[in-house]
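Below, each chain spelled out in residue letters.
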Amino acid sequence: EGTADQISAARQGLANAEGWYIKMERNGEKILGSSVTFDNVVMFASYIPNGTTTGCAPQIGSGVFWAVNLWDGTPAEEFDGDETKLSKADRNKPIPGSGLPPPPQTLILQTKDETTNEPIPGDIQIVTVSGGNTLLTHDDRSLIERVYWSEYPNF
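First, a word on scope: everything that follows refers to the structure included in this document. Keep in mind it's a predicted model, so treat the numbers as computed, not measured.

**Some thoughts on the overall build of the protein chain**
For the protein chain, the helix and strand inventory stands at one helix and eight strands. Helices (α) and strands (β) of the protein chain occur, in sequence order from the N terminus, as α-β-β-β-β-β-β-β-β. For the protein chain, the proportion of contacts with a sequence separation of at least 24, taken over those separated by at least 6, is 45%. Of the accessible surface of the protein chain, which amounts to about 11100 Å², a share of 51% is contributed by carbon and sulfur atoms.

**Quick look at the pairing of strand β7 (residues 119–130)**
As defined by bridge partners, strand β6 (residues 105–112) adjoins β7 across seven bridges and the pair is classed as antiparallel. Residue pairing across strands places Gln110 opposite Ile124, the latter belonging to β7. Here five bridges tie β7 to strand β8 (residues 133–138), and the two strands are oriented antiparallel to one another. Pairing of Thr128 across the sheet is with Leu136, part of β8. The turn joining β7 and β8, which pair antiparallel and follow one another in sequence, is formed by two residues; a positive phi near 65° is taken by Gly131.

**Structural notes on the pattern of salt bridges**
Within this structure, the stated rule accounts for two salt bridges. Taking the shortest distance from any N to any O, the salt bridge between Lys88 and Glu25 comes out at 2.6 Å. Taken as a pair, Lys88 in the loop between β4 (62–69) and β5 (92–95) and Glu25 in the loop between α1 (4–16) and β1 (30–31) lie far apart in primary sequence, 63 residues in all. Owing to a relative accessible area of 58%, Glu25 belongs among the exposed residues under this scheme.

**Observations regarding the sheet that holds β6**
Ordered in space as β6-β7-β8, the three strands form an open sheet in which the pairing is antiparallel. Every interior strand has two partners, whereas the edge strands, β6 and β8, have only one. In this sheet, neighbouring strand axes are inclined to one another by 40° on average, regardless of whether the strands run parallel or antiparallel.

**Considering the environment of Gln125**
By the element assignment, Gln125 lies in strand β7. Here Gln125 falls in the partly exposed class, since its relative accessible area comes to 38%. Separated by 17 residues in the primary sequence, Gln125 and Ile108 place their C-alpha atoms 5.9 Å from one another.

Procedures and definitions
Residues numbered from 1 in each chain as written. Predicted model: local features only at pLDDT ≥ 70, side-chain atom pairs only at ≥ 80, totals over all residues. Heavy atoms only, no water. Helix = DSSP H or I, 4+ residues; strand = E, 2+ residues; numbered from the N terminus. Contact = heavy atoms within 4.5 Å. Areas by Shrake-Rupley, 256 points an atom, 1.4 Å probe, with all protein chains shown as cover. Pairing = 2+ DSSP bridges. Salt bridge = Lys/Arg side-chain N within 4 Å of Asp/Glu carboxyl O. Buried < 20%, exposed > 50% of the residue type's maximum accessible area, 1.4 Å probe, protein only. Axes fitted to C-alpha atoms, helices over the stretch in contact; angles between N-to-C directions.

Have a look at this one:
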């Protein structure tokens, strides 16, 4: 985000750097689980404590789902409702529910024929979930290729 000069300077700074990081901006926000990378998108969940504690009472808090481009940390999806351009707010969205969110998982689901129990060709869905919440649906099914492999003993 910023002016054209600021964006250009940020891109040049990234090109000269040895990687990137995201500074969590919400009070107490932290990453407590693993990430998953699929189609050059890094996806992870963060936890935000609710900040109100009295004595030894637990903090329920809430979770946030992040989806950023592997190469530069820019938003990978449109989450804020403005489809005209991606902004910083598009890097993450709240995870429904409360408490510590489970790490995201990317699943490849294929529907099976109810009669034969055989997979229906082409009926594939790719989703990223955290707990019972579907957070992202991946549209590019060309990313999936069936691979067969065998392990041979050393010759």
